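A look at the structure
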Amino acid sequence: MQKSLHIDPAKCTGCLQCEMACSYENYQVFNPAKSRIKVFDFHHTGRKVPYTCTQCDEAWCLHACPVEAIKVDAATGAKVVLENVCVGCKVCTIACPFGTVNYVQDTGKVQKCDLCGGKPACAEACPTGAITYVDADWTGLEKMRQWAQKLDSQPAAGHAD
Amino acid sequence: MSWARKILRVDLTKGTCTAEPLKMDWAALYLGQRGLATKYFTAEVDPKVDPLSPANKVIYATGPLTGTMASTGGRYSVITKGPLTGAIACSNSGGYFGAELKMAGWDMIILEGKSARPVYLHIENDHAELLDAAELWGKSTWDTEAWLKKHFQDPQVRVSGIGPAGETGCLYAAVVNDLHRAAGRSGVGTVLGSKNLKAIAVRGTKGVGNVKDPAAFMKATAAAKKVLADNAVTGQGLPKFGTQVLMNVINEMGALPTRNHRDVQFDGAKDISAEAMHAPRKTDGKPNLVTNQACFGCTIACGRISKIDESHFTVVNKPQYWGASGGLEYEAAWALGAANGVNDLEALTYANFRANEDGWDPISFGATVGAVMELYEMGVLKKEQLGIEAPFGSAQALTFFADQVGKGEGFGKEIALGSKRLTAKYGHPDLSMTVKGQEFPAYDSRGIQGMGLAYATSNRGACHLRGYTVASEVLGIPVKTDPHVTEGKAGLVKAFQDATAVFDSSGLCLFTSFAWTLQDVAPQLQAACEGDWSLDNLNLVGERIWNLEKEFNLAAGLTKKDDDLPPRLKKEAAKTGPAKGLVNGLDKMLPEYYQLRGWNAEGVPTAETRKRLGTAALK
Ligand code: SF4
Ligand code: SF4
Ligand code: SF4
């Protein structure tokens, strides 16, 4: 079963534990500047929105890469950058419609979310459940459950007391 | 390691920025942030210095856990000699600025001298320079941040600095970062203004990658986060209600100072409480509270984000106040509300926005307005002087003064001096509800006896964040004590003061201590930092920091007389509630406290105590 990162912005508090977990997992440093997931703070509305790669099936980044440095991880479905192949041309950063693959000055390569090989550090670190790692076919399950619960608290249809 | 091991010295007179290695032998004794900065400050600054002269210095300091995955590890402190008190001043702030400074590779910034013209400090990793702030001077903290982000074309720059209050000499001007987090108390922003330093803009992309034992650190911080999540206060109360969870509790126990401490209960408390912030408004059907928000790395998230009712008289035709911004926490809600008898939640929220925007401390401001209202009701101050009728309960007067105080306009110029100077000027010094010239926060020491001693002995003047015995006397953390008795409070206050000094020196938020003790902090420090950070040593470090601050105050000329409460709290008994008939029994607690501290009857550390802690009298 493939899993997806599922993001619920309403739960996010902007603590950036996810960003630190991501940079620590990949570079052994606490450093939001090196995180592959970014939390945006929309001050005027009070909304915070975590954002990262959605692992497209027909991944623009992968198709754009001239040296085939982006591969599919068969187990997780993640589109993974092979650092030893990447030449830092940045074409993928132009190709991705969402901006979620980015250049890293320190390494001269690009980076993007690779789902941590199936154990996403951000989801593990998030204290509020704003990021979860769930069955890819059922990312809507929790929302469905909430609506179902609302129905459950209504008087049953056609039931006459 | 976790210290960046590097400090930035900024000479504002000469306009230079120089890197220096951090004195690691001092870090071993004073940990970081509050403690370590106090060590640097007391070693470099004459205690008798005029706080607003170029010879005073300001230190921005992070802790070893700032910028790490330890929960709440994003704090920084601002240390200086305070203009409101003439004592050591040390204010702590969250938000994101502190972590950004650390991630740029700096433990501290020492600001000295005075610039000939307004400047701001720009830091990008190792690079630091002073730049012209002519265009920023006079701007609010909000506009300053927006200007700097635009100027550097970098939305990720973090900014800490002063608003108009820090420029006009308001004696309780704050340092504000990330729009609505503040090193709020004791006028640390006033000192920045006196040096012509408007702001610090920092971008750090180096991160913190040098914790001593990463595996042990991840384990220790994960375990400590679980303690926070499982605790009723830090896991549920604070995220849902913020510190405002206390409003109704403290009012019911008759310890909510009301109308300049004339009363200890406020009939309007429910209207300005956490519950009121959650309730839909009659006008627009929306609640005042929009959401909660965390500071950097914080898994509690007590922060309040509020929106003011657009039809409220304070913001009609002022769309700049219609968006979401920093809402009321308990101390501000009390100072702007109960202290003045004002129960209009939207007006308090507006005053709170103005405090962040113009950069002043809502506690000292609100408490000073309380004194003004009392003087008005006594007929000492008149409408003609004030520019408005100012009886207790007037939301109009409160917000009128909130608009004036930062810019130093009208009677706001006098309110900007704090209640000690203001009440003295009008012949009623006894009506100033202060210790060492700093206004009380939101707990009446007639109903919570230990807080009287905590206030009287606080090194930075009246303050709840130096020894929060409310935790024990009200909430039963770590053990419940009777709030109405003085017995046992001397030891309690000392224990809280010393432990707090450690929290404030580590990079962590004090609010974790609703759930954590030093026993939860020690393993996190021990995994991150070289040296001995065992529980025993941490207790000693805390005591050492407290004593060093005290030495500074003694050398600055403060004496036992300054460890006192206003006569109202010692003579006028509480009129209602469970504490009815009680005054504060400070005189019963103070001698025992001095003794437990190893100080003589005048409150001076004995030779033996100095030897034990490795401190000395300062000159
Ligand atoms: S980086 Fe962009 S294009 Fe590539 S898989 Fe992720 S979202 Fe799709
Ligand atoms: S860890 Fe969770 S709550 Fe914190 S910023 Fe990231 S998504 Fe938001
Ligand atoms: S508990 Fe509150 S003040 Fe402390 S770090 Fe968390 S959000 Fe900030």
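Summarised in this report is the structure supplied together with it. (Residues numbered from 1 in each chain as written. Chains lettered and ligands numbered in written order. Predicted model: local features only at pLDDT ≥ 70, side-chain atom pairs only at ≥ 80, totals over all residues. Heavy atoms only, no water.)

**Digging into the overall build of chain B**
Looking only at helices and strands, chain B has 25 helices and 17 strands in total. In terms of overall dimensions, chain B is globule-like: its C-alpha atoms have a radius of gyration of 22 Å, near the 25 Å expected for 619 residues. When its C-alpha atoms are laid out on the principal axes, chain B stretches across 60 × 55 × 45 Å. Residues counted as buried form 67% of the 619 residues belonging to chain B. (Helix = DSSP H or I, 4+ residues; strand = E, 2+ residues; numbered from the N terminus. Rg over C-alpha atoms; globule rule 2.2 N^0.38 Å. Buried < 20%, exposed > 50% of the residue type's maximum accessible area, 1.4 Å probe, protein only.)

**Things to note about the sheet that holds strand β1 (residues 6–11) of chain B**
Residues and elements named next belong to chain B. Taken in spatial order, the six strands make up an open sheet running β2-β1-β6-β3-β4-β5, and their pairing is mixed. Of all strands in the sheet, those with a lone pairing partner are β2 (16–21) and β5 (88–93), marking the two edges. The sheet shows a mean angle of 15 degrees between the axes of neighbouring strands, taken without regard to direction. Pairing of β1 with β2 involves six bridges; the strand directions are antiparallel. Counterpart to Arg9 in the pairing with β2 is Thr18. (Pairing = 2+ DSSP bridges. Axes fitted to C-alpha atoms, helices over the stretch in contact; angles between N-to-C directions.)

**As for the pairing of strand β2 (residues 38–42) of chain A**
One ladder, built from five bridges, connects β2(A) with strand β3 (residues 47–51) of chain A; its direction is antiparallel. Bridge pairing links A:Asp41 to A:Lys48 in β3(A).

**Section: the nonpolar core**
All names here are of chain B. If you look at the biggest cluster of nonpolar residues, it comprises 175 residues, and the most contacted ones within it are Ile250, Phe365, Phe401, Ile415 and Tyr443. With eight residues, helix α20 (residues 489–506) is the largest single contributor of residues to this core. Not counting residues within four places of it along the chain, the set of residues in contact with Ile415 comprises Tyr172, Phe365, Thr368, Val369, Val372, Phe401, Val405 and Leu422. The next biggest cluster of nonpolar side chains, apart from the first, holds 28 residues, and it includes Val78, Ile109, Ala128 and Ile162. (Core = buried A, V, L, I, M, F, W, Y, C linked by side-chain atoms within 4.5 Å. Contact = heavy atoms within 4.5 Å.)

**Concerning the environment of A:Tyr103**
All names here are of chain A. Structurally, the position occupied by Tyr103 is in strand β6 (residues 102–104). Placed 56 residues apart in sequence, Tyr103 and Arg47 show a C-alpha to C-alpha distance of 27 Å. Not counting the four nearest positions on each side in its chain, Tyr103 is found in contact with Gly88, Lys90, Thr93, Gly108, Lys109 and Val110.

**Here we look at the sheet that holds strand β9 (residues 158–161) of chain B**
Residues and elements named next belong to chain B. The strand order β8-β7-β12-β9-β10-β11 describes an open sheet built from six strands, whose pairing is mixed. Lying at the two open borders of the sheet, with one neighbouring strand each, are β8 (127–132) and β11 (181–183). Pairs of neighbouring strands in the sheet enclose a mean axial angle of 20 degrees, with direction left out of account.

**Looking at the site of ligand 3**
Near ligand 3, the surroundings consist of 13 residues, among which B:Arg181, B:Cys295, B:Cys298, B:Cys302 and B:Cys509 are the closest. Class assignment of the residues belonging to the shell around ligand 3 gives a composition of eight nonpolar, three polar and two charged. (Near = heavy atom within 4 Å. Nonpolar A, V, L, I, M, F, W, Y, C, P; charged D, E, K, R; others polar.)

**Section: helix α7 (residues 214–230) of chain B**
Structural remark: α-helix, 3.6 residues per turn; residues separated by three or four positions point the same way. If you check α7(B), its first and last C-alpha atoms are 24 Å apart, about what 17 residues at 1.5 Å a residue would give, namely 24 Å. Where α7(B) is concerned, the buried positions are B:Phe217, B:Ala220, B:Thr221, B:Ala224, B:Lys225 and B:Leu228. The arc that holds every buried residue of α7(B), seen down its axis, measures 135 degrees, which confines them to one face. Away from the buried face of α7(B) by more than 90 degrees, exposed residues B:Ala215, B:Lys219, B:Lys226, B:Ala229 and B:Asp230 are located. Packing partners of the buried residues in α7(B) comprise α1 (17–27) of chain A together with α8 (232–241) and α21 (518–528) of chain B. (Expected span 1.5 Å × (residues − 1). Arc of directions from axis to C-beta.)

**Digging into the pattern of salt bridges**
Residue and element names in this part refer to chain B. Scanning the model with the defined rule gives 51 salt bridges over all chains in all. Note that Lys436 and Asp563 form a salt bridge whose closest N and O atoms lie 3.0 Å from each other. Placement of the pair is Lys436 in the loop between β16 (434–435) and β17 (438–439) and Asp563 in the loop between α22 (535–556) and α23 (567–571), with a sequence separation of 127 residues. Looking at Lys436, the relative accessible area reads 11%, which means it is buried. When its relative accessible area of 3% is taken as the criterion, Asp563 is described as buried. A salt bridge links Lys570 to Asp564; its shortest N-O distance comes to 2.8 Å. Looking at Asp564, the relative accessible area reads 29%, which means it is partly exposed. One salt-bridge network, in which partners are shared between bridges, spans Arg9, Glu20, Glu44, Lys57 and Glu112. (Salt bridge = Lys/Arg side-chain N within 4 Å of Asp/Glu carboxyl O.)

**Section: the packing of aromatic side chains**
Residues and elements named next belong to chain B. Under the counting rule described, the total for this entry stands at 26 aromatic pairs over all chains. Judged by centre distance (5.3 Å) and plane angle (80 degrees), the rings of Tyr321 and Tyr350 are edge-to-face. You can see Tyr321 sitting in the loop between β14 (303–306) and β15 (325–326) and its partner Tyr350 sitting in helix α12 (residues 345–358), a full 29 residues away along the chain. The exposure classification of Tyr321 matches that of Tyr350, with both residues buried. Taking 6.3 Å as the distance between ring centres and 50 degrees as the angle between the ring planes, the aromatic pair formed by Phe401 and Phe411 counts as tilted. (Phe/Tyr/Trp six-rings, centres within 6.5 Å; stacked < 30°, edge-to-face > 60°.)

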